[in-house]
Protein chains: 2
Amino acid sequence: MTVLADTSFDFASLQAAFASGYSAADAVEEAYRRIALANDPGIFIHLRRKEDVLAEAHALPPFDPERFPLWGLPFAIKDNIDLAGVPTTAACPAFAYTAEADSFVVNLLRKAGAIPVGKTNLDQFATGLVGVRTPYPVPKNALDPAIVPGGSSSGSAVAVARGLVSFALGTDTAGSGRVPAALNNIVGLKPTLGALSATGVVPACRTLDTISIFALTVPDAWRVFSAAARYDDADGYSKRVVAPRMGAAESALRVGVPSAATRQFFGDTVQEQAFADTLARLSYLGATLVELDFKPFFDVAAMLYEGAWVAERMAAVETFMRERPDEIHPVTRQIIGAANRLSAADAFRGIYRLADLRRSAEGLMTGIDLLCVPTIPTFYTLADLEADPVTPNSRLGTYTNFVNLMDLCGIAVPTGLRADGRPSGVTLLARAGQDARAAAVAKGLHEDALPMLGATQLQVRPGDLGNPRPDPDECVIAVVG
Amino acid sequence: MTVLADTSFDFASLQAAFASGYSAADAVEEAYRRIALANDPGIFIHLRRKEDVLAEAHALPPFDPERFPLWGLPFAIKDNIDLAGVPTTAACPAFAYTAEADSFVVNLLRKAGAIPVGKTNLDQFATGLVGVRTPYPVPKNALDPAIVPGGSSSGSAVAVARGLVSFALGTDTAGSGRVPAALNNIVGLKPTLGALSATGVVPACRTLDTISIFALTVPDAWRVFSAAARYDDADGYSKRVVAPRMGAAESALRVGVPSAATRQFFGDTVQEQAFADTLARLSYLGATLVELDFKPFFDVAAMLYEGAWVAERMAAVETFMRERPDEIHPVTRQIIGAANRLSAADAFRGIYRLADLRRSAEGLMTGIDLLCVPTIPTFYTLADLEADPVTPNSRLGTYTNFVNLMDLCGIAVPTGLRADGRPSGVTLLARAGQDARAAAVAKGLHEDALPMLGATQLQVRPGDLGNPRPDPDECVIAVVG
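Residues numbered from 1 in each chain as written. Chains lettered and ligands numbered in written order. Predicted model: local features only at pLDDT ≥ 70, side-chain atom pairs only at ≥ 80, totals over all residues. Heavy atoms only, no water.

Asker: Is there a simple way to think about the overall build of chain A in this case?
Answerer: If you tally the helices and strands in chain A, you get 16 helices and 15 strands. The C-alpha radius of gyration computed for chain A amounts to 20 Å, which stays within 12% of the reference 23 Å derived for 481 residues, consistent with globular compactness. By principal-axis analysis of the C-alpha atoms, chain A measures approximately 60 × 55 × 45 Å. The 481 residues of chain A split such that 63% are buried. Total accessible area computed for chain A in this model is approximately 16200 Å², and 51% of it derives from carbon and sulfur atoms. (Helix = DSSP H or I, 4+ residues; strand = E, 2+ residues; numbered from the N terminus. Rg over C-alpha atoms; globule rule 2.2 N^0.38 Å. Buried < 20%, exposed > 50% of the residue type's maximum accessible area, 1.4 Å probe, protein only. Areas by Shrake-Rupley, 256 points an atom, 1.4 Å probe, with all protein chains shown as cover.)

Structure (structure tokens):
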């Protein structure tokens with residue numbers, strides 16, 4: 001038992017501990033203790049040697065959260081993002097290379113004082129929303145081991161949900177930064193494309209990829225985003241996106257939601273009810289809900305795997321796939337291999353079709369400030385995926401696949417528990433560059449619902465966000481510590 | 001000889017005639033007289049029946065240039081842009097279809113009072129910068145029949161240069177709206193991508209195409225642009241671009257120009273000197289010239305035909321090309337056929353490479369308001385093209401190919417005569433949406449140089465722009481009338 005055994009790893013709690021004299025090394029010790037206790041070999045593909053991490057903690061300048069807003073916070077990195085000196089596998093051991101330098105974003109986070117502890121498991125090449133398409137052990141869902149952990153950023157989401165680290169980096173192309181957040185009851189911030197540099201990230205679909213952020217609270221995720229959103233001249237897709245101080249939610253926002261007729265829950269009436277309940281809260285908090293025919297959004301979503309974009313995944317790994325096909329997960333190989341049938345003319349036709357479909361969907365958003373969608377339509381078990389490795393995966397992307405194709409930003413946020421005790425959650429989506437607008441509303445919903453933070457048995461009080469307290473009434477599953 | 005035989009077809013002259021009582025039908029009669037006298041069967045692929053055009057002229061409301069800024073102005077349309085009831089051939093007779101409706105832009109121009117007289121020749125499928133890749137007779141260059149007319153908008157440029165119409169529509173993907181302007185001594189406005197709707201236009205490279213405008217003066221081209229720049233919800237690439245009233249050129253503009261070391265004239269020292277002379281005038285007029293290493297722009301340019309974008313041309317005609325390959329011009333077939341070797345993954349790799357190259361070139365433009373480049377590096381004869389149908393074409397695109405790939409807008413403008421009597425000209429390029437900034441500087445250069453208008457033997461006086469006068473000193477080639 002280390003000195004911080006009872007301290008939540010949300011930023012306010014840990015920084016309060018630092019302010020009272022605890023060291024970054026204390027946090028590292030506690031992180032490693034929790035990782036050991038968690039006893040899930042599926043979470044990390046590569047855990048740094050504790051001595052190295054402690055040395056990094058000791059080398060930090062004195063605690064100064066103004067200058068170093070992430071000072072001493074342990075974090076995890078999805079293993080398709082480079083950490084200097086450590087292999088990047090993308091969950092394909094034969095593909096691995098040892099990163100010579102930190103990725104652009106990891107470098108910024110370290111400069112802000114954060115301390116990386118290791119690299120986390122993922123659906124291979126970030127292709128999947130389930131977390132089971134990996135040659136490594138599958139990370140256990142933090143709340144219910146029968147349920148898939150979600151992917152592709154499986155290990156990062158579980159690490160945060162179990163309180164092993166203060167935050168974690170994922171990536172998000174089709175929903176990999178949001179679906180596992182929903183499945184593990186944490187916050188998943190999916191920034192505007194280009195806000196976070198892709199330098200040092202293994203591409204999935206380079207035109208649609210972004211690093212994403214998992215955290216226990218919205219302000220925590222936002223603080224990471226603020227530290228990481230810097231223009232990178234070396235990344236042709238980097239954009240100058242402003243990450244302002246997040247304020248209170250604006251009043252009188254018009255929030256588009258899927259019309260009752262176009263909501264899809266694949267028979268999960270509990271999820272349907274939970275979403276309706278959340279919308280009622282959103283309305284109570286001051287938003288004007290506008291029901292939208294969601295078919296145009298679903299049409300856009302269909303482009304991601306049915307259209308030309310699978311060729312982006314091929315472009316990322318083509319040489320490797322041709323030379324060492326047997327090293328690739330069979331489901332992943334099948335999905336990416338579909339690109340072999342597509343010509344360059346097909347790719348452009350897909351791009352045109354997307355432009356037209358986007359136009360329709362964007363037309364629907366006229367006068368709308370935000371969208372609110374369920375993050376996932378329902379839950380799937382590991383057994384479901386064994387029976388059919390593709391269909392449940394596709395369905396999990398119902399409310400996420402269209403987002404990056406439309407250049408929207410978004411944030412997935414827990415909103416309490418469903419009637420059956422599973423975590424409920426929604427995603428707030430905004431136009432590119434309006435990350436703060438979505439985050440402010442997400443924060444309001446989160447603090448209104450006051451759900452357990454991940455699977456930590458802790459709950460954050462509204463307003464101060466700085467004093468987590470045990471919440472025995474709402475706690476359903478025991479986890480770390 | 002009709003009543004308007006001595007009237008220039010620039011807008012101010014013709015509108016002065018209308019104001020003094022001449023009718024739109026008079027202008028139509030004169031246009032048809034000039035077309036007959038021009039005696040070049042290569043200019044128009046389809047000329048409307050004069051009776052129909054006269055009927056359209058008679059049906060116009062009373063002359064009111066405020067309400068109908070293009071009232072009574074005869075114009076020509078490149079034959080890859082739809083005109084209701086008339087075949088659209090794209091210079092491929094077997095590909096032709098009869099347009100059911102006007103293209104979006106033609107419809108707007110007609111609403112503004114302009115009167116279409118016919119459809120003009122082009123490099124087939126708008127693929128080329130020379131004007132000779134057509135199964136129809138090649139239009140004669142308006143100034144020197146030994147020189148190529150330029151393309152792909154060959155007929156439209158020649159029609160304006162010879163004073164047959166007041167303006168004409170072209171299209172521009174790689175330079176088709178600028179190269180023929182330079183070769184025929186007229187103005188070629190290449191708008192910001194998306195400013196002019198592509199609805200009713202046969203695509204070349206849909207992500208890079210735009211309708212372009214040929215006119216005798218910059219204000220004329222601008223007036224057409226102002227009437228045509230409207231958002232089109234049906235075109236997935238349409239943008240809301242503002243076409244403000246064009247003011248005077250801003251003072252103290254920083255204008256990037258190719259450094260002496262990276263200028264390319266392929267041995268044409270006369271062109272080299274003419275460009276240097278124009279830069280001296282530009283500097284005299286108040287611009288600050290900044291020499292730029294142009295290699296990054298040339299690297300972007302190389303993507304257009306060497307990279308994946310040729311697959312866009314394939315996407316536009318793939319079914320036709322597979323079913324009826326012998327109906328396609330052999331050079332065109334060879335160029336577009338190169339797309340058969342490209343996979344969808346290749347297309348995306350090209351897109352990524354472009355993003356990176358663009359970033360480099362855009363970096364060079366930091367602090368730069370405009371670019372000024374030669375429109376063409378040199379002149380080529382019909383004989384040159386017979387000897388080698390590809391190389392001269394490629395070279396003509398030296399200063400045009402990169403422009404749409406970088407989403408710049410531009411305007412080609414004559415700047416007088418070279419030492420050998422050939423027309424000199426430059427293109428002003430600006431960032432997307434800054435069309436007015438480029439046009440204002442182009443207008444200043446044009447009025448400073450006071451060149452002959454096209455091949456019309458007329459010159460416009462500065463300031464008023466409304467009283468063309470014969471300019472026997474500068475007139476080298478007799479044409480219409």
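Asker: Help me understand the sheet that holds strand 12 (residues 408–417) of chain A, please; the structure alone is not making it clear to me.
Answerer: Backbone-to-backbone hydrogen bonds pair the strands of a sheet. The strands run either parallel or antiparallel. All names here are of chain A. Spatially, 11 strands are ordered 1-5-2-6-8-7-12-13-11-9-10 in an open sheet, and the strand pairing comes out mixed. On the outer flanks of this sheet lie strand 1 (44–47) and strand 10 (288–292), each paired with one strand and no other. Each strand of the sheet is rotated relative to its neighbour by a mean of 25°, with strand direction disregarded. Relative to strand 8 (residues 210–215), strand 7 (residues 187–190) runs antiparallel, the two sharing 3 bridges. Following the sheet pairing, Val 187 is matched in strand 8 by Ala 215. (Pairing = 2+ DSSP bridges. Axes fitted to C-alpha atoms, helices over the stretch in contact; angles between N-to-C directions.)

Asker: Sorry if this is basic, but what is going on with the sheet that holds strand 12 (residues 408–417) of chain B here?
Answerer: Residue and element names in this part refer to chain B. Read from one edge of the open sheet, 11 strands run 1-5-2-6-8-7-12-13-11-9-10, paired in mixed fashion. Looking at which strands have only one partner, the edges of the open sheet turn out to be strand 1 (44–47) and strand 10 (288–292). Averaged over all pairs of adjacent strands, the angle between their axes in this sheet comes to 25°, without regard to strand direction. Examined bridge by bridge, strand 9 (residues 254–258) and strand 10 share 5 bridges and lie parallel to one another.

Asker: Explanation requested: the pattern of salt bridges in the structure shown.
Answerer: As a working rule, side chains carrying opposite charge can pair if their charged atoms are close by. This model, assessed by the stated rule, comprises 54 salt bridges over all chains. Asp 420 of chain B serves as the salt-bridge partner of Arg 418 of chain B, at 2.6 Å between the closest nitrogen and oxygen. Here the salt bridges share partners, and the residues they tie into one network are Arg 48, Glu 56, Asp 102 and Arg 110 of chain A. (Salt bridge = Lys/Arg side-chain N within 4 Å of Asp/Glu carboxyl O.)

Asker: Mind showing me how you'd approach the packing of aromatic side chains here?
Answerer: To describe a pair of aromatic rings, you give the distance between the ring centres and the angle between the ring planes. Using the criterion set out here, one finds 40 aromatic pairs over all chains in the structure. Where Phe 294 of chain A meets Phe 402 of chain A, the ring centres are 5.9 Å apart and the plane angle is 85°; that geometry is what we call edge-to-face. Of the two residues, Phe 294 of chain A is situated in the loop between strand 10 and helix 9 (295–306) and Phe 402 of chain A in helix 15 (residues 401–405); the sequence distance between them amounts to 108 residues. Neither residue differs from the other here; Phe 294 of chain A and Phe 402 of chain A are each classed as buried. Arranged with centres 6.3 Å apart and planes meeting at 75°, the rings of Phe 125 of chain B and Phe 320 of chain B form a pair that is edge-to-face. In this pair, Phe 125 of chain B is assigned in the loop between strand 5 (115–120) and helix 5 (154–161) and Phe 320 of chain B in helix 10 (residues 310–323), connecting sequence segments 195 residues apart. Taking the ring centre of Phe 9 of chain B as reference, the NZ or CZ of Arg 34 of chain B above it sits at 3.9 Å. The positively charged end of Arg 240 of chain B is found above the aromatic ring belonging to Tyr 231 of chain B, 3.7 Å away from the centroid. (Phe/Tyr/Trp six-rings, centres within 6.5 Å; stacked < 30°, edge-to-face > 60°. Lys NZ or Arg CZ within 6 Å of the ring centre and 35° of its normal.)

Asker: What exactly am I supposed to notice about the side chain of Asp 40 of chain B here?
Answerer: Residue and element names in this part refer to chain B. Tracing the backbone through its elements, the reader meets Asp 40 in the loop between helix 2 (24–38) and strand 1. Lys 140 provides the closest opposite charge to the buried, salt-bridge-free Asp 40, at an N-O distance of 4.2 Å. At 2.7 Å, the side chain of Asp 40 forms a polar contact with the backbone nitrogen of Gly 42. Of note is the side chain of Asp 40, whose polar atom sits 2.7 Å from the backbone nitrogen of Lys 140. Sequence-distant contacts of Asp 40, defined by excluding residues within four places in its chain, comprise Val 138, Pro 139, Lys 140 and Arg 162. (Lys, Arg positive; Asp, Glu negative; His and termini not counted. Polar contact = N/O pair within 3.5 Å; in protein donor to acceptor, adjacent residues only side chain to side chain. Contact = heavy atoms within 4.5 Å.)

Asker: I tried to follow the interface of chain A and chain B on my own but got confused; where do I start?
Answerer: One frequent convention defines the size of an interface as the accessible area lost when the parts assemble. Each partner contributes residues to the interface: chain A has 29 residues there, and chain B has 29 residues. Roughly 2400 Å² is buried in total at the junction of chain A and chain B, and carbon and sulfur atoms are behind 56% of that figure. On the chain A side of the contact with chain B, Phe 348, Tyr 352 and Arg 359 of chain A bury the most area, a combined 29% of that side's loss. Along the contact surface separating chain A from chain B lie 4 salt bridges. Measuring nitrogen to oxygen at the nearest pair gives 2.5 Å for the salt bridge that ties Glu 318 of chain A to Arg 349 of chain B. The interface formed by chain A and chain B holds 19 residue pairs in polar contact (both at pLDDT 80 or more) in total. When contributions to the side of chain A that touches chain B are tallied by element, the ones reaching two or more residues are helix 10 (310–323) and helix 12 (344–364) of chain A. Element by element, the count of residues in the side of chain A that touches chain B is highest for helix 12 of chain A, at 10 residues. (Buried area = accessible area lost by both parts, 1.4 Å probe.)

Asker: Explanation requested: the relation of the copies chain A and chain B in the structure shown.
Answerer: Mapping between the two chain copies consists of a rotation about an axis together with a translation along that axis. Mapping chain A onto chain B calls for a screw motion: a turn of 180° about the axis and a shift of 0.0 Å along it, with 0.0 Å RMSD after fitting. Taken together, the rotation angle and the small translation identify this as a two-fold axis. Of the residues that chain A buries at the interface, 100% are likewise interface residues in chain B, meaning the two copies contact each other through the same surface. (Least-squares fit on C-alpha atoms with pLDDT ≥ 70 in both.)

Asker: What am I meant to see in the side chain of Ser 153 of chain B here?
Answerer: Residues and elements named next belong to chain B. Looking at the secondary structure, you find Ser 153 in the loop between strand 5 and helix 5. Here Ser 153 falls in the buried class, since its relative accessible area comes to 0%. In this structure the side chain of Ser 153 is engaged in a polar contact, spanning 3.1 Å, whose partner is the backbone oxygen of Thr 171. Leaving out residues up to four positions away in the same chain, Ser 153 has contacts with Lys 78, Asn 121, Gly 170, Thr 171, Ser 176, Gly 177, Pro 180 and Phe 214.

Asker: Explain the packing of helix 1 (residues 11–19) of chain B against helix 7 (residues 218–228) of chain B here, please?
Answerer: Packed helices, taken two at a time, are described by their axes: the angle between them and the distance between them. Residues and elements named next belong to chain B. Orientation of helix 1 relative to helix 7, taken along the N-to-C sense of each, is 75°, at an axis distance of 9 Å. Taken together, the axis directions place helix 1 and helix 7 in an arrangement best described as roughly perpendicular. Contacts from Phe 11, Ala 12 and Gln 15 of helix 1 reach helix 7 at Asp 220, Arg 223 and Val 224. Among the residues making up the contact of helix 1 with helix 7, the classes are represented as 3 nonpolar, 1 polar and 2 charged. (Parallel < 35°, antiparallel > 145°, perpendicular 65-115°, else oblique. Nonpolar A, V, L, I, M, F, W, Y, C, P; charged D, E, K, R; others polar.)

Asker: Sorry if this is basic, but what is going on with the environment of Phe 297 of chain A here?
Answerer: All names here are of chain A. Topologically, Phe 297 is positioned in helix 9. Phe 297 sits 67 residues away from Leu 364 along the chain, and the two C-alpha atoms are 9.4 Å apart. Setting aside residues up to four positions removed in sequence, Phe 297 forms contacts with Leu 292, Ala 361, Leu 364, Met 365, Leu 371, Phe 402 and Met 406.

Asker: What is the right way to look at the packing of helix 2 (residues 24–38) of chain A against helix 3 (residues 50–58) of chain A in this model?
Answerer: All names here are of chain A. Axis separation between helix 2 and helix 3 bottoms out at 8 Å; the angle between their running directions is 155°. Relative to helix 3, the element helix 2 is oriented roughly antiparallel. As helix 2 runs across helix 3, the sense of the crossing is right-handed. Contacts between helix 2 and helix 3 involve Ala 24, Ala 25, Val 28, Glu 29 and Tyr 32 from the former and Lys 50, Val 53, Leu 54, Ala 57 and His 58 from the latter. (Left-handed = near helix turned anticlockwise from the far one by under 90°.)

Asker: Hey, could you run me through the environment of Leu 371 of chain B in this one?
Answerer: Residues and elements named next belong to chain B. When you line up the elements, Leu 371 lands in strand 11 (residues 370–374). We classify Leu 371 as buried; its relative accessible area is 0%. Residues Leu 371 and Leu 428 lie 57 residues apart in sequence; the distance between their C-alpha atoms is 5.7 Å. Those residues in contact with Leu 371 that sit more than four places away from it in its chain are Val 255, Gly 256, Leu 292, Phe 294, Phe 297, Met 365, Phe 402, Leu 408, Thr 427, Leu 428 and Leu 429.

Asker: I'm lost on the confidence of the model for chain A in this one. Help?
Answerer: Close reading of the predicted structure is inappropriate where its pLDDT is low. Residue-level pLDDT values for chain A average 93, and 95% of them are 70 or greater. Two numbers describe this predicted complex: its pTM, 0.92, and its ipTM, 0.91. (pLDDT = per-residue confidence, 0-100.)

Asker: How should I be thinking about unusual backbone geometry in this particular structure?
Answerer: Glycine aside, a negative phi is what most residues show, and trans is what most peptide bonds show. Going from Gly 151 of chain A to Ser 152 of chain A, the amide bond is cis rather than trans, its omega being 0°. Note that Ser 152 of chain A resides in the loop between strand 5 (115–120) and helix 5 (154–161). In this structure, Phe 125 of chain B is a non-glycine residue whose phi angle is positive, near 55°. In this structure Phe 125 of chain B comes out as buried when scored by relative accessible area, which is 5%. Positive phi values are uncommon outside glycine, yet Asp 407 of chain B reaches one of about 55°. With respect to the helices and strands, Asp 407 of chain B occurs in the loop between helix 15 (401–405) and strand 12. Asp 407 of chain B gets classed as buried once you look at its relative accessible area, which sits at 19%.

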